[in-house]
Amino acid sequence: QVQLVESGGGLVQAGDSLRLSCAASGRTLREYYMGWFRQVPGKEREFVALITWRGGSTAYGDSVKGRFTISRDNAKNTVYLQMNSLKPEDTAVYYCAASSHWATPPSRYDYWGQGTQVTVSS
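First things first, this report covers the structure right here in the doc. (Residues numbered from 1 in each chain as written. Predicted model: local features only at pLDDT ≥ 70, side-chain atom pairs only at ≥ 80, totals over all residues. Heavy atoms only, no water.)

What about the pairing of strand S9 (residues 92-99)?
The element S9 is extensively covered by neighbouring structure, given that seven of its eight residues are classed as buried. Sheet analysis places strand S4 (residues 33-39) next to S9, joined by seven bridges and oriented antiparallel. Of the residues in S9, the one forming a bridge with tyrosine 33 is serine 99. Of the pairings in the sheet, the one linking S9 to strand S11 (residues 116-121) comprises three bridges and is antiparallel in character. Bridging from a neighbouring strand, tyrosine 94 pairs with threonine 116 of S11. Note: S9 against strand S10 (residues 111-112), two bridges, orientation antiparallel. Looking across to S10, one finds that alanine 97 is bridged to tryptophan 112. (Buried < 20%, exposed > 50% of the residue type's maximum accessible area, 1.4 Å probe, protein only. Helix = DSSP H or I, 4+ residues; strand = E, 2+ residues; numbered from the N terminus. Pairing = 2+ DSSP bridges.)

Right, dumping it as structure tokens:
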């Protein structure tokens with residue numbers, strides 16, 4: 001069992017930056033691929049970023065490529081999402097998740113955090 005807790009969300013202005021953190025407990029994250037997703041009310045959960053357990057490979061959703069960076073520190077059992085050049089359309093609840101597979105569909109993820117709200121004002 002893995003427990004995930006996100007932090008770092010907040011209210012920022014367009015063009016600002018935020019760094020989200022996802023701290024894990026229960027089991028080491030080293031066994032899992034880690035992803036970030038986001039969701040707004042009335043819409044499906046959207047893939048944002050993915051990283052291998054070693055951190056050597058990453059993938060990003062088209063809407064965040066070039067602006068967001070996913071990273072991980074296995075020694076700290078923590079995954080990060082650095083978000084730069086934020087836009088109002090980035091406003092959502094952001095979730096981290098753990099999977100045994102390199103995958104982007106939310107259904108392939110076994111463990112989820114509770115989410116952290118990011119609001120970007122124009």
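Here we look at the sheet that holds strand S7 (residues 68-73)
A sheet is described by the order of its strands in space; here four strands give the open sequence S1-S3-S8-S7, paired in antiparallel fashion. Strands at the two margins of the open sheet, each flanked by one partner only, are strand S1 (3-7) and S7. Strand-to-strand twist of the sheet, defined as the mean angle between neighbouring strand axes without regard to direction, takes the value 15°. In this structure, S7 lies alongside strand S8 (residues 78-83), joined through six bridges in antiparallel fashion. Across the sheet, aspartate 73 pairs through a bridge with threonine 78, a residue of S8. (Axes fitted to C-alpha atoms, helices over the stretch in contact; angles between N-to-C directions.)

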